[in-house]
Amino acid sequence: MQSFNFKKLTSDAATAFNRAVQYTEEKLGSAEKTELDAQFENLSERADKTKIWTEKILKQTESVLQPNPNIRLEEFVYNKLEKLDPSVKRPAEKETNHEILGVSLVGAGYDIGPGTAYGTALIKCGETEQRIGHAEKECMHKVHSHFLIPLRTFLDGDMKTIQKERKILETKRLDLDACKNRLRKAKSQESHTNVSTFYIP
């Protein structure tokens, strides 16, 4: 069993408190803040914009591919479950609206009679609708694998790493500025003490 390190706990608490004080004083304008490199700030701003737009594009593309929000939610849940437990089986892929319409048209055409002009037209339209449905499904699969998955991989991988590193950098900057301000106050107090001592009659 690990021993409780009270000294480390108090040191961490003091550091967190100093960061909070520094952050608050910066917001109030009573403490100096180390400005980051302009090129870094530009990259940071671009990263934020990239994240916002990538999330928006991802969401809008999913809405185009599957307009029904309930089905989108169902797919999201199955994706999460499959990541947690690969043995989870999702239900068979649903037919597209074009495929459903095509099946109905072909069925109607055969029921009315393939020898009639109307029946033949229904069968031809139905088969065309089914081909459109298959093409739509294939397009959805390609967009998912070649467009959505890379965007999600970027957001879950590189973007999270960027945010984590920026948070670490901001923490270190707050620590540095808190130390600088403490040193400045100590020097100011020391010089004030020296002046007071010098003028004692």
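Predicted model, so just to flag it, every value in this text is computed and none were measured. (Residues numbered from 1 in each chain as written. Predicted model: local features only at pLDDT ≥ 70, side-chain atom pairs only at ≥ 80, totals over all residues. Heavy atoms only, no water.)

(A) Looking closely at the pattern of salt bridges. Evaluated as defined, the whole model comprises eight salt bridges. Between Lys-49 and Glu-45 there is a salt bridge; the shortest N-O distance is 3.4 Å. Remark: Glu-45 and Lys-49 occur in helix α2 (residues 38-65); sequence separation between them is four residues, near one turn of the helix. Judged by its relative accessible area of 48%, Lys-49 falls in the partly exposed class. What makes Glu-45 partly exposed here is its relative accessible area of 44%. Between Glu-55 and Lys-51 there is a salt bridge, and its shortest N-O distance comes to 2.8 Å. One end of the pair is Glu-55 and the other is Lys-51, both in helix α2 and four residues apart, which spans about a single turn. Beyond isolated ion pairs, a larger network of salt bridges with shared partners links Glu-170, Arg-173 and Asp-177. (Salt bridge = Lys/Arg side-chain N within 4 Å of Asp/Glu carboxyl O. Helix = DSSP H or I, 4+ residues; strand = E, 2+ residues; numbered from the N terminus. Buried < 20%, exposed > 50% of the residue type's maximum accessible area, 1.4 Å probe, protein only.)

(B) Expanded view of the packing of α2 against helix α5 (residues 117-156). Direction vectors running N to C along α2 and α5 enclose 155°, while the axes themselves pass 10 Å from each other. Classified by the interaxial angle, the pair formed by α2 and α5 is roughly antiparallel. Crossing hand, α2 versus α5: left-handed. Contacts between α2 and α5 involve Thr-50, Lys-51, Thr-54, Glu-55, Ile-57, Leu-58, Thr-61, Glu-62 and Leu-65 from the first element and Met-140, Val-143, Phe-147, Leu-148, Leu-151, Arg-152, Phe-154 and Leu-155 from the second. Residues belonging to the contact of α2 with α5 are distributed by class as follows: ten nonpolar, three polar and four charged. (Axes fitted to C-alpha atoms, helices over the stretch in contact; angles between N-to-C directions. Parallel < 35°, antiparallel > 145°, perpendicular 65-115°, else oblique. Left-handed = near helix turned anticlockwise from the far one by under 90°. Contact = heavy atoms within 4.5 Å. Nonpolar A, V, L, I, M, F, W, Y, C, P; charged D, E, K, R; others polar.)

(C) Inspection of the nonpolar core at higher detail. Ranked by size, the top nonpolar core spans seven residues in total: Ala-47, Leu-58, Leu-65, Leu-148, Leu-151, Leu-155 and Met-159. Of all the secondary structure elements, the ones that give two or more residues to this core are α2 and α5. Among all residues touching Met-159, those that are not within four sequence positions of it are Ala-47, Lys-51 and Phe-154. (Core = buried A, V, L, I, M, F, W, Y, C linked by side-chain atoms within 4.5 Å.)

(D) Molecular detail of α2. Its 28 residues give α2 an end-to-end C-alpha distance of 40 Å, which sits within 8% of 40 Å, the value for a rise of 1.5 Å per residue. Listing the buried residues of α2 in full gives Ser-44, Ala-47, Thr-54, Leu-58, Thr-61 and Leu-65. (Expected span 1.5 Å × (residues − 1).)

(E) The layout of surface pockets, seen in detail. Counted as a void, the largest pocket has a volume near 1400 Å³. Every residue lining the largest pocket is counted, 41 residues in all, and those nearest its centre are Gln-66, Ile-71, Glu-75, Asn-79 and His-144. Every element with two or more residues in the lining of the largest pocket is listed here: α2, α3 (69-84), α4 (97-112) and α5. Of the residues forming the lining of the largest pocket, the biggest block, twelve residues, is contributed by α5. Across the lining of the largest pocket, the residue classes break down as 14 nonpolar, nine polar and 18 charged. Here the second largest pocket defines a volume of roughly 230 Å³. As for the second largest pocket, its lining consists of Lys-33, Thr-34, Leu-36, Phe-40, Glu-41, Ser-44, Arg-166, Lys-167, Leu-169, Glu-170, Thr-171 and Arg-173. Mapped by element, the contributors of at least two residues to the lining of the second largest pocket are α2 and α6 (158-198). Examining the composition of the lining of the second largest pocket, we find that six residues originate from one element, α6, more than from any other. Residues belonging to the lining of the second largest pocket are distributed by class as follows: three nonpolar, three polar and six charged. (1 Å grid on protein atoms, 1.4 Å probe; cavity = no way out; pocket = protein on both sides within 12 Å on 5 of 7 lines; lining within 4 Å. Points joined across faces, edges and corners; volume = space filled by probe spheres on them.)

(F) Main features of the environment of Thr-128. The topology assignment puts Thr-128 in helix α5. For the pair formed by Thr-128 and Gly-102, sequence separation is 26 residues and the distance between their alpha carbons is 7.2 Å.

(G) Summary view of the side chain of Lys-137. Residue position: Lys-137 is located in helix α5. Excluding residues within four positions of it along the chain, Lys-137 makes contact with Glu-93, Lys-94, Glu-95, Thr-96 and Glu-99.

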